[in-house]
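# Coordinate inspection notes
Residues per chain are reported as follows:
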Amino acid sequence: ATGIQVITNLDTNCGTGNGIDLTTEFGSLQFTGYTCDRNGENSTNCFSDVLLETCAENDGTIDLFIDLFELDVIGDTTDLLNGTAPLTLEPGQVVCGEQTEEVSRCLEVIYTVSSIVEANDTSSKGCEDELELVFNILPPFTLTPSAEPSSAPTGSPTASPTASPTASPTASPTASPTGSPTASPSSSPTFEPTASPTSSPTASPTSSPTGSPTSSPTASPTASPTSGPTASPTSSPTSSPSASPTSAPTASPTGSPTASPTRSPTASPTASPTASPSASPTTNPTASPTASPTTAPSALPSAEPSNFACEVAVKVTCETDDGISCNDIPTPNSTCAFGVPLDGLQFTYIPGNTCEKSRNQQYEVDPSCEDIAPVGDTPVVLECSGSNGDDMVILVTDIGSGQSLFTVQPPTPGTSLPPSINCTILSNATSPPEELQWNVIDTSGDVELDLKEAYGALQLESCGVLGVEDKVCIEQLVLETLLRNVGADTMNVTLVESIINDGPPSDQLDQVVPNPLEPGDNATVVEVVYFDFCETGSFSYVIRAEANPPDGEMCEDEDGYNITIAPACSVDLTNLTCSDLSAPADDPRNCSEIPPIEIPQCECTECARELIFRYTQAPCPLMPSGYGCEQQGDLAPTGTLTVNSSSTSSGGSETFFTTDVSLGADIVIVDTREVDECVPEDLDITIATATGIQVI
């Protein structure tokens, strides 16, 4: 349906010093700003765009999976993952998100911004973090002046009281009135109220008050009490007293004899055995006679049986080289930035990890990594030099599975590393070694540095400072097995083999010294392995031994040791910032520094060259103030806006501006007839939509 809304005679007065107020609504348009000078300079707008940025880092030692990463602005939530959860982050890896928001400079609003991240890991323990940012922008001066102030108070109180009670109480209370009025007024009021009268007068007063009477009279009193309590009588008397019991049993037999007397035992045992076996066995067993004699004598008895017995005991213990039980080794906190210089670092080499795959927080070092040749699966060596020009000491430890642990130390023991080191990875498969990659790493202790971060192909496994216990991921474990002959005879150990993580058996028999083992003797088998306590995983160790005595059956025993590590993830929101996008590039400012609008009306020295309105789709008010408004039909969210001047001196009803509009969008009105010319101050604005037309 077609509709018309007509708003006429909208006078902006921007050049007179008494212009229209910001945030005033005219039909479906809200006045939000203006520009006085040419080329868009000296512009005022109620709304300003700001940029919110936040970053989350995996500062733990294991991979984590981000399930939620959100920005919340006063209850309005934005999903920074854009529906891609879960997002996997390796240790040291960072994910960032940003959101553009609009803030008001005309209305005092307290903006509360929250960044929230939730993550999970292979241990299912989970981790989370939250940051909050609060800022507000002071509103402009009040848009309308306050009423005139009241006259100043008098210097002294009035002589007579006011007709209504004063707001403040008197300095001292009035005297208390009597409980009831007197027959005639007294010369002056009493200080205490009179006692309350009785409901009816008494005939004559008693000398003292009587106690409260009982509800019923008491029974007659009993006679004098007995000297002692009487015994409790029986419920009915006996016919005659019973005779006293005798002190000893009677000699007379019972009234009837026993069924039959018992038989007296014989003086001596019978010659023949009883028909059934005796209750207790004999001290020595009797030889059982054969039913009939054998036809020939039996064979000679066998030789005396052997007394050799084999018994071996196997017991495993696991400790670090510092004597700490393997089950007491904790997963270290990953942070290596202590605020003081580091005294040592340990790295492993990750084949194929180019500079592009770095995962660390050291943004201050630029450049920090450069690839020179492919970092492939090849033996490598490491060379490091300090920012002070000194060459660092590199110790290499073989930790199995073709891996090496590179320990970087200062050249002088007991000192710290320089503020930064430059480490070059070289291939050991060429002669001379070929440079593959170099990395610059800040070792001052003031810049973010975490275990399991990757600096190109170098992954950080340990860090420490002087006087502080090192944080170590890959620990050296010493597995010591005690073999003991717990039998009574010499035994020869024939097999000792160990199995690590269900792998192939490893022969350890050559460590059994002495062999054979005499009763009570021990032999020790030692194995050294390396295990990563910063990653989710498990370790199993089983060792088995077999032995033989000189004459007898084989004996065996086994023992094992198991370690399970499930470190929880750790996620850190490293920042939450808000910056004003309207600030000059050479003078950036954060949101708490956004200045308020100084003048809340449209006020220009000459005229306004831009007028800014926001389309709200609102209908005409019932009683427009200072302008006219008529409407037929409803406006749609989108349409076309046309601006005319309502003054003949400004060109009559000539159209000077046309544009498309959409709900919530700003409309910047200019005089398109002349560049940088004044916008007429008397306007007729028409908004036409698919369902109606609005004319202002």
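Structural data are supplied above this passage.
Rules and cut-offs
Residues numbered from 1 in each chain as written. Predicted model: local features only at pLDDT ≥ 70, side-chain atom pairs only at ≥ 80, totals over all residues. Heavy atoms only, no water. Helix = DSSP H or I, 4+ residues; strand = E, 2+ residues; numbered from the N terminus. Buried < 20%, exposed > 50% of the residue type's maximum accessible area, 1.4 Å probe, protein only. Contact = heavy atoms within 4.5 Å. Areas by Shrake-Rupley, 256 points an atom, 1.4 Å probe, with all protein chains shown as cover. Disulfide = S-S within 2.5 Å. Phe/Tyr/Trp six-rings, centres within 6.5 Å; stacked < 30°, edge-to-face > 60°. Lys NZ or Arg CZ within 6 Å of the ring centre and 35° of its normal.

## Some words on the overall build of the protein
In terms of helices and strands, the protein carries zero helices and 37 strands. Expressed as a percentage of the 696 residues in the protein, the buried residues total 34%. Taking all contacts inside the protein whose residues are at least 6 apart in sequence as the whole, residues at least 24 apart take part in 71%. Total accessible area computed for the protein in this model is approximately 42,100 Å², and 52% of it derives from carbon and sulfur atoms.

## So, the state of the cysteines
Counted by the stated rule, this structure contains 14 disulfides. A disulfide bridge connects C36 with C604, and the sulfur atoms are separated by 1.9 Å. Every disulfide takes its handedness from the sign of the S-S torsion; for C36 and C604 that torsion is -75°, giving left-handed. Of the two residues, C36 is situated in the loop between strand 4 (29–35) and strand 5 (43–45) and C604 in the loop between strand 30 (571–580) and strand 31 (610–615); the sequence distance between them amounts to 568 residues. For C473, the disulfide goes to C534, at an S-S distance of 2.0 Å. On the sign convention where negative means left-handed, the S-S torsion of about -90° between C473 and C534 marks this disulfide as left-handed. Of the two residues, C473 sits in the loop between strand 23 (471–472) and strand 24 (474–485) while C534 sits in the loop between strand 27 (522–532) and strand 28 (537–548), which places them 61 residues apart along the sequence.

## A few points about the environment of E57
With respect to the secondary-structure elements, E57 resides in strand 6 (residues 47–58). Sequence separation between E57 and N360 is 303 residues, and the spatial gap between their C-alpha atoms is 9.1 Å. Apart from residues lying up to four places away in sequence, E57 is in contact with G92, Q93, V94, Q361, E448, D450, E453, S570, V571, D572 and T574.

## Looking at the packing of aromatic side chains
By the definition in use, this model includes six aromatic pairs. Taken together, a centroid distance of 5.1 Å and an interplanar angle of 90° make the contact between F531 and F533 edge-to-face. Accessibility classification places F531 together with F533 in one group, the buried group. Members of the aromatic cluster, connected to one another through ring pairs, are F31, Y34 and F613. Above the plane of the ring of F47 lies R614, whose end atom (NZ or CZ) is 4.0 Å from the centre.

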